[in-house]
Amino acid sequence: MTNTIKKITHYFTLILLLASFSIQASHSIPTENHHQPDISNPIMPSTTHYAKPVNDEINTANNGAPYPPSAAMHMIQIPNKSLTDQNDYRLITLPNHLKVLLVNDPQAERFSASLAVNVGSFQDPKDQQGLAHFLEHMLFLGTEKYPEPGDYQSYVNTHGGSNNAYTSSDTTNYFFDIKPSAYEGALDRFAQFFTTPLFSESLTQREKNAVDSEYKAKLKDESRRNNQAFKTLVNNNHPYSGFSVGNLDTLKDRPENPLRQQLLSLYKEYYFSENMALVLITNLPHEEMATFAKRYFSDIPSKQAPTKHTYPALLTTGQPQLQFVKPLIDSNTLSFQYQIDAQDNNYKTRPTRYISYILGNENEGSLYASLKADGLINSLSAGVSPDYGDNAFFTITAHLTNHGLENIDTVAQRIFATIGLLQSTPINPMYQQEGVQLSQLMYNNQNYTPPQSLARTLSAKLLKVPATDILSSFRIEKAADNQHVRQLLKQLDTNNLLVQVVTNRTFPEHWAQQKPIWQIEPWYQSTYSNNNFSTLFLDFIRLSVKNTHVSLPEKNRFIPENLDLVTETDTTPYSVFQQPGFTFWHKSDPSFGKPTAMNFMAVRFSHAANTPKNALLNQLWSRLYNDSISELTYSPYVAGLGYQFYPHANGVTLRTSGYSDKQNTYATWLIDQIFLFRPSTERFDQIKTQLTKDLANQKSRQAYGNAYSALSTLITKDSFTTEQLESALTELSFEDLEEYIKDARASFDLVGYSTGNVTKEQTQALAHSLHERFVGRLTPKDPVEIQSKNIPANQKMHYSFTSTSSDNVVLYTLIDTSQDTSSKAITEKIYFALLRKLINSRFYQELRTQKQLGYIVGTQDLSARNTPILGLLVQSPNQNTVTIIHAIEDFLKEEEKQLKTLTAEEFSFTKTALLDELNMTAKNLSDNALEEWHQIAKPSSDFQTKTAWIDALEAIDRADFMDFLENKLSSSSISRIIIHNQAFPAELTSQYGWIETSPEQLTTD
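Summary of the structure given here. From a predicted model like this one, the values you see are computed outputs, not experimental measurements.

Criteria and thresholds
Numbering of residues begins from 1 in every chain and follows the order in which that chain's sequence is written. Where local features are concerned, this predicted model is filtered to residues with pLDDT of at least 70; where side-chain atom pairs are given and counted, the filter is 80 or more; whole-chain, interface and lining totals use all residues. Remark: hydrogens and water are excluded; side-chain values derive from all non-hydrogen atoms of the structure. Numbering of helices and strands runs from the N terminus, with a helix taken as a DSSP run of H or I at least four residues long and a strand as a DSSP run of E at least two residues long. For this analysis, a polar contact is any N or O atom pair within 3.5 Å, provided that within protein one partner can donate a hydrogen and the other can accept it, and provided that sequence-adjacent residues contribute only side-chain to side-chain pairs. By definition, residues are in contact when any of their heavy atoms lie within 4.5 Å. Partly exposed describes any residue whose relative accessible area lies between the buried limit of under 20% and the exposed limit of over 50%, with all areas from a 1.4 Å probe on protein chains only and scaled to the type maximum. Just to be clear on terms, a salt bridge is a Lys or Arg side-chain nitrogen sitting within 4 Å of an Asp or Glu carboxyl oxygen. If DSSP finds at least two bridges between two strands, the strands pair. An axis is simply a line fitted to the C-alpha atoms; with a helix, the fit covers only the stretch in contact. Between two such axes, the angle follows the N-to-C directions and lies from 0 to 180 degrees.

Remarks on the side chain of Asn-247
Residue placement: Asn-247 occurs in the loop between α6 (222-230) and α7 (259-270). Looking at Asn-247, its side chain comes within polar contact range of the main-chain nitrogen of Thr-250, at 3.1 Å. When neighbours within four sequence positions are excluded, Asn-247 is seen to be in contact with Asp-212, Tyr-215 and Trp-523.

Structural data, given as C-alpha cells:
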C-alpha cells in the first residue's frame, strides 16, 4: 500500500501515452493504491529499460563443431495452467539446444517474442561495471543482415508494435510485439541480435554516451541513491555491491583492451543457445511457430551447458551493520534487511510468505495497526528480495512520520518484538492453508496477460525453472514445511541484520558504536555513514523480543465461497435505478470467464475542487478516510477484494473490484464508513504534514514527468500549480476540513455503476440499499467538465517549471487552438495521431541515436479533450536549451519536406497500424469498465466513442492527410508551447519571438 499523492490537477491522457515512448525507458507515475489487489496476474513482469545496437567476429556457431544429429523436434505440453487461461503451451528444443516455449494465444492481436539470456550485471568485469547493460544497448544498433542502427526499432514501430529490453543482476531480456502480418520480418531482424551483431566501433563509442545519459537521468532518484548507498554495507567481493548501470567512467577503452573487444568477449562468453530461453506467442498452430523458431534461431551459437555462477555470502563478519543516509527529499525511512538463504528454488511452497504475511499484516491488532495508531508510521511492508547467489534479503521497511522518527526506538522495539513473537510461537497451520488457498484461487482466476508481458516473464522464468513447472511456479503448490519456516525465522537474527535509516532530520546516533563519519557514495553522490551496532542497541534488541502487545491475524472471513458465473449478458450499460439526485447503471458481463465484478460510486457536490483550498480539503478528506479504514480493509484485500477512494473535480469516487461474491456487501460497508467517518485533530495534523512533504517533493520526480504535469496545469482550466497548493495548504485548519466534509455530506448527488459477474437484480438491490441511506440529502448536481483553456492562436510561448534535476528537459508541443466541436475534434486528433506515428521512429533515431542529445527522447500524442496536441520531448544531461530546441525545429523542418513525398503505401501502412490499435478488443473486465465509467460520469454518455474514432479514421485518405499537412500545420490556428526546466535563453526571445507565459496569463487571455 502506498501513500503517494495524486496531483490534484487533472492529468490528461498524456500520462498513459508515456507507455508509447520510443525510448522505452521504464518509469512509473505515482498513484494512490488503496488495497487494490491484482487478483488477475500472479504472472507479473518487472521491466526496466531501453532501446539499443551489433559483427562478424562473433558468429562462431557451436564453436565450429557440427550440431548433434536429431530427429524431428519433440513437442512437450506444459501442464498445470490456470483454469481461466485459454492459451496452450508447448516446449521444443532446437538442434542447437535452445529451449523454446511456444504459446498459442487464441486472443492474440499482437504477436510477441522474448529471448532471455542468463547474464546480467553480476557478470560485469570488475573494472567495467555496466558492461552487460551496455551490451544490451549495443545489440539494437545493427547486424550484418540489417546494418542500419534503427532498422529493427523502425520496423517494429511502423508495423504497430513496440520493443524493449532490460538488464537485471543475472538476466538480460529482449522482447517485442507486432501486428501478425509483420511477425516473420520482426523475428528475422530480432534473431540477428544473437547471431551476427556488428558492434561497430563508431557506435560503440557513441552509444556509451546514451548509457551515461541514462545513468545521469536517475542521479537524484531516491531509490537508486539509497540502494547504492546500501550496497556499501555488503561484502565488496559480492557482485551485488557493484554499480550496474555504467557510465563514461566505467565504460572506456582499457590498455590493450578496447571497449569493443570487451563487448565481444562478454558476448562470446554468455550469448550462446544453452544459456538462453526463447518464448514465441501467436494465435498460430504450434507447428508453425516451431518452424519459425527453427528457421530464425537455429544459428545461435551452441556451447557446453552453462556453468552455475557461484558467489560469496552477501555479508561478512566485521562488516558495518548500521547505515545512516541523508536524502534529497523530506522523507523518513527505517529498513531492516536480514540475510537469508536463497529462495528461488522454493517456488512450490514459498516459506517466506508465512513471515511476510504476519509482519506486513494490516489488520486490527497487527504490528502495522499498533504503529499507525500511535502516529509513528505512514506505511509498513515486509517481503523478500530476488536471490543474489546463495542469499537473499528479507526486508521490513517502515515509512516513518516525523513523530515516528522522534520515537524510532519504539518503532524498532515493536518490530523486533513481533519477530520474537513469531520465533517463539508454533507455526500456525491456518496461515499456511490460507496462503495455499488464496494463491491457487488467484492463479485460477487470473486476468489475461498481453503477449509481450507474458513472453518476457516466461522467458526469464524458463532460465531458472524446469519447463514443466513454468506455469505452476506462479502459485503456491503446497504448504511450506514447518521446519523450513522455522529455519528462516532463525535467520532473522542480529548477526544477519543490516539496518538503514534515511532522513534529513535527526539520526538515532545511540544505535551506532561510534560517532557517524560521513562519506559520499561515488555513483549517486548520496551522503551516508556506516557503523557497527552499539552495545546499547544490541541489548535493546534482546529486551524487545520479550515484550509485545501485537496479536496474530485471525481467520480471513472474506475468502470468496461462490465462484459461479451469472448467465445474463449485456452489450451496453443501462440505467436500472433512477431517482432525483441518484442514478445507478448496470451491465452484466461474465464474458471474461471469471467471477469478478467492479462497482463505481461517485458522490458529487458543487464545491469539490473549485479553489486550491477546496481541492486540498478534498485530498485531505480522501487521505484521512483511507487512513481510517486501512486495518479493516486489509483482510478483504488479501482475499481479492480491493477498493479505491479518490478525489476529483466533482467530488469523490469509491471503486471496488475483485471477486463478485461479497463485493456488494463490502461496497455498501465502505459507503457507510464514508458517512460515519469522523477525523481526529491528531491524524489531521499528521496527514497534512505528509501532504506538505509530498507537494514539496514533487519537484524531485523525474524531470520529464514534471514537464507533462506542467503542461497539464498550464492548459487546463481550474487547475492549480504546486506552488498555489503549497501556499493554500499552510492556511488550512481542522475546522476547515470539518466544515468541508459536513457540507459535502449534507447535499450531493450519487452516480453508480456495477458491471461484471453481477445480475440486474443484484445491482438494483445495491442501488436501492444505498438510496434508502441518503433520502433527504440527494440533490441533482450539474457535473463539472474538465476543459482546456482557450489558447491564443499562432503563438510561440514557453513555460518554466521547477525541478531538482540537473538534466535539461524540453517538451516542445504543437497545439491546435481552433477548439473544434467534438465530432470535428476527433478527426483533427486522428491527424495528429497519424503524424506522430509517421515521425516517431525518425525523431528517436536522429535526436537520440545519431545526435546523442539524451537518453530520454520521444514523441507523444498528447491530445486532450477537444485539443489536438503533438509533443516532442528531450531530456539531456549535457545539452543546453538552445541546442535542443534548434535540433527539434530542424527535425520538424526536414520532416515537413519528407512528408510531402509520403507514398500511398506508407500512408496506408500507418493508417492500418492505428486502426489495428483502435480495433483491439478488451481482454479483461477493467478494460471495458473503466472506459464505460468514464462515459457514465460525463454529463452526457456516449458509448460509441471508439466506433466514432474508427469510422472517422476509415474515412480519411492520403489526400485528406496531405491537405492537413499543407494547410492545418502551417495555419494560424497552430500554436507552439515549450515546457522547460532551465533558464530560457534570451536569444530565443529576442531573435525568434518566444514569449513567456503562465497558467494565470492563459486564463486571462
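Remarks on helix α2 (residues 131-138)
For α2, a buried count of 8 out of 8 residues is recorded, marking the element as mostly surrounded by other parts of the structure. Looking only at α2, the buried set comprises Leu-131, Ala-132, His-133, Phe-134, Leu-135, Glu-136, His-137 and Met-138.

What to know about the environment of Lys-824
Mapping Lys-824 onto the fold places it in helix α25 (residues 822-850). A relative accessible area of 44% places Lys-824 in the partly exposed class. Distance from Lys-824 to Lys-464, taken between C-alpha atoms, is 53 Å for residues 360 residues apart in sequence.

Focus on unusual backbone geometry
Notably, Arg-350 is not glycine yet its phi reads approximately 45°, a positive angle. Its place among the elements puts Arg-350 in the loop between β9 (333-341) and α9 (352-359). A relative accessible area of 29% places Arg-350 in the partly exposed class.

Brief notes about the pattern of salt bridges
Evaluation of the coordinates by the stated rule reveals 29 salt bridges. Across the pair Asp-539 and Arg-542 runs a salt bridge, and its minimum N-O distance is 2.4 Å. Here Asp-539 pairs with Arg-542, and both are found in helix α16 (residues 535-544), just 3 residues apart, close to one helical turn. Judged by its relative accessible area of 34%, Asp-539 falls in the partly exposed class.

Observations concerning the sheet that holds strand β13 (residues 519-520)
Judged by pairing direction, the sheet is mixed, and its 7 strands sit side by side in the order β10-β11-β9-β12-β8-β14-β13 without closing on themselves. For this open sheet the edge positions go to β10 (377-384) and β13, each flanked by a neighbour on one side alone. Looking at chain direction, β9 and strand β11 (residues 391-400) are connected through 9 bridges and run antiparallel. Each residue of the ladder has a partner; that of Ser-335, found in β11, is Thr-397. The strands that α6 touches are β8 (322-326), β9, β11, β12 (497-502) and β14 (527-531); relative to β8, the one it contacts most, it runs at about 150°.

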